[in-house]
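Secondary and tertiary structure notes
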Amino acid sequence: MSELSVQTSELPHDKQPALRVMPMPADLNPAGDVFGGWVMSMVDIAGAIPAVRRARSRVTTVAVNSFVFKQPVSVGDLVSFYADVSSVGRTSITVDVEVFAERDPENPVVVKVTEARLTYVALDDRGRKRPVPAE
């Protein structure tokens, strides 16, 4: 991976992360990077947080509209997931998630590692689609 040019970034100053996690050795693939599926799972969890708040009910993921892995994630990275509602339909909520890794505590660097857009649907207590309430 040393051939990749690493674009350094900054954590968003005007937002709070929905989720912050440090991957562990059990989360690695055979190449020594964190499994993409682990990142996808955490993105889904982070995206559901603002969707649940907006729906005021449980939600389910109905689509992963886009998912871009920009850089690998490593053990020891502090991974921050920033999630914002981008649009609301009658029963659906679309959320954008940006993922940043904070690396090397002795010489700190922040790298944007993933961007994703997911769509959730609001559910009632019986698991059926329900309208998203007006704000």
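Structure: see above.
Per-chain numbering applies: the sequence of each chain, read as written, is numbered from 1 onward. Given that the model is predicted, a residue must reach a pLDDT of at least 70 before its local features are reported, and side-chain atom pairs must reach 80 or more before they are shown or counted; all residues, however, enter totals for whole chains, interfaces and linings. Water and hydrogen atoms play no part in the side-chain values, which are based on all heavy atoms of the structure.

**What to know about the overall build of the protein chain**
Along its length, the protein chain carries one helix and six strands. If you list the helices and strands of the protein chain from N to C, you get β-β-α-β-β-β-β. In terms of overall dimensions, the protein chain has a C-alpha envelope of 50 × 35 × 20 Å along the principal axes. Taken over 135 residues, the protein chain has a buried fraction of 39%. A contact between two residues is defined here by any heavy atoms of the two lying within 4.5 Å. Taking the contacts inside the protein chain whose residues are at least 6 apart along the sequence as the reference set, 70% of them involve residues at least 24 apart. Per the convention used, a helix needs a DSSP run of H or I reaching at least four residues, while a strand needs a run of E reaching at least two, with both numbered from the N terminus. For each residue, the accessible area found with a 1.4 Å probe, counting protein chains only, is set against the maximum for its type, and the residue is called buried under 20%, exposed over 50%, and partly exposed in between.

**Notes on helix 1 (residues 36-55)**
Any helix carries an expected span of 1.5 Å times its number of residues minus one. In this model, helix 1 (20 residues) spans 28 Å end to end at C-alpha, consistent with the 28 Å of a helix rising 1.5 Å per residue. Among the residues making up helix 1, those that are buried are Trp38, Val39, Met42, Val43, Ala46, Gly47, Pro50, Ala51, Arg54 and Ala55. As for helix 1, its buried residues are in contact with strand 2 (19-21), strand 3 (59-69), strand 4 (78-88), strand 5 (92-103) and strand 6 (109-122). Of the residues trailing helix 1, Arg56 is marked for its positive phi of about 55°.

**Comments concerning the pattern of salt bridges**
Just to be clear on terms, a salt bridge is a Lys or Arg side-chain nitrogen sitting within 4 Å of an Asp or Glu carboxyl oxygen. Taken as a whole and judged by the stated rule, the model has eight salt bridges. Between Asp124 and Arg128 there is a salt bridge, with the nearest N and O atoms lying 3.3 Å from each other. For Asp124, a relative accessible area of 18% translates into the label buried. Connected via shared salt-bridge partners are Lys15, Asp84, Glu98, Lys112 and Glu115.

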